[in-house]
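Listed below are the residues making up each chain.
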Amino acid sequence: LYVLVGPNGSGKSTLMKIISGIIDPTIGNVIVSDSVTVSYVSDDIKLYEYLTGQEHINFFEYMNGFKMNNQIKKLIIDLNFEPFLDIVTKNYSKGTLQKLRFILGLFTNPKLLLLDEPLDGLDPNSIKVVRDFIDYFVKKEGSVIYATHIMNNDLQFDELLTLNFYRENLDQ
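Residues numbered from 1 in each chain as written. Predicted model: local features only at pLDDT ≥ 70, side-chain atom pairs only at ≥ 80, totals over all residues. Heavy atoms only, no water.

A. Here's a closer look at the overall build of the protein chain. Assigned secondary structure in the protein chain consists of five helices and five strands. Tracing the protein chain from N to C terminus, the helices and strands come up as β-α-β-α-α-α-β-α-β-β. On C-alpha atoms alone, the protein chain measures out to a radius of gyration of 16 Å, which is about the 16 Å that the 2.2 N^0.38 rule sets for 172 residues. Dimensions of the protein chain along its principal axes, counting C-alpha atoms only, are 45 × 40 × 35 Å. Relative to its full complement of 172 residues, the protein chain shows a buried share of 38%. In the protein chain, the proportion of contacts linking residues at least 24 apart, taken out of those at least 6 apart, comes to 75%. Summed over all atoms, the accessible surface of the protein chain reaches about 10200 Å², with 51% contributed by carbon and sulfur. In the protein chain, 16 side chains carry a positive charge and 22 a negative one; their mean positions are 4 Å apart. (Helix = DSSP H or I, 4+ residues; strand = E, 2+ residues; numbered from the N terminus. Rg over C-alpha atoms; globule rule 2.2 N^0.38 Å. Buried < 20%, exposed > 50% of the residue type's maximum accessible area, 1.4 Å probe, protein only. Contact = heavy atoms within 4.5 Å. Areas by Shrake-Rupley, 256 points an atom, 1.4 Å probe, with all protein chains shown as cover. Lys, Arg positive; Asp, Glu negative; His and termini not counted. Charge placed at Lys NZ, Arg CZ, Asp CG, Glu CD.)

And the structure:
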């Protein structure tokens, strides 16, 4: 588990998007092996607001050629997401949207899981479930890069990277 910590605007989300291939760096390179499947989970990922949670899951299964495994089924139960499967996402709370994004992030069967503020909007039980899942994933499945602006003392990590970059004079 690698943790990126820094204040708002320090570049955590930008770095995660570069690593995931969503955006290109302005200078330098980030190289991720072709054999490593990367998944990026963030609260700024847009969902189809008129699809239900189940329809999103069906869509991701179809697009990724990956069927829901027991691990994802367990996560749906543990996150208490089952009651929301047949509700359109435009009626979801921030925390429920975050749960769905987290679940969908596993449909690529990633070996590198990029989590950008993954606990944002979650209730205490869901926070525990996500933390337990991260621990399991790191031990059994692959690597996690976890970005946050609030360092939590009970988060066990292998490496910590602190970003302190501030953009000055953006209007000039």
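B. How the structure looks around the packing of aromatic side chains. The final tally for this structure, using the stated rule, is nine aromatic pairs. Ring centres of F81 and Y92 lie 5.9 Å apart, and the angle between their planes is 90°; on these two criteria the pair is classed as edge-to-face. Of this pair, F81 sits in the loop between α3 (70-78) and α4 (94-104) while Y92 sits in the loop between α3 and α4, placing them eleven residues apart in sequence. What links up through ring pairs into an aromatic cluster is the set F102, F133, Y136 and F137. (Phe/Tyr/Trp six-rings, centres within 6.5 Å; stacked < 30°, edge-to-face > 60°.)

C. Quick look at the sheet that holds strand β4 (residues 143-148). Ordered by their spatial adjacency, five strands build an open sheet running β2-β3-β4-β1-β5, and the pairing between neighbours is parallel. Each edge of the sheet is formed by a strand with only one pairing partner; in this case those strands are β2 (38-42) and β5 (159-162). Between one strand axis and the next, the sheet turns through 15° on average, direction left out of account. Bridge analysis of strand β1 (residues 2-5) against β4 gives four bridges, and the strand direction is parallel. Following the sheet pairing, Y2 is matched in β4 by I145. Strand contacts of helix α1 (residues 12-20): β1, β2, β3 (112-116), β4 and β5, with the helix running at about 155° to β3, the strand carrying the most contacts. Most of the contacts of α4 go to β2, to which it runs at about 180°, and overall it touches β2 and β3. (Pairing = 2+ DSSP bridges. Axes fitted to C-alpha atoms, helices over the stretch in contact; angles between N-to-C directions.)

D. Up close: unusual backbone geometry. Positive phi, close to 55°, is recorded for N80, a residue that is not glycine. Among the secondary structure elements, N80 is positioned in the loop between α3 and α4.

E. Representation of α1 in the model. Taken as a whole, α1 has its buried residues at K12, M16, I18 and I19. Buried residues of α1, viewed axially, fall in a sector of 160°; they line one side. Buried residues belonging to α1 abut β1, β2, β3 and β4. Where α1 ends, the next residue or the one after it, G21, has phi of about 90°, a positive value. (Arc of directions from axis to C-beta.)

Don't take any of this as a statement about function, it's just geometry.
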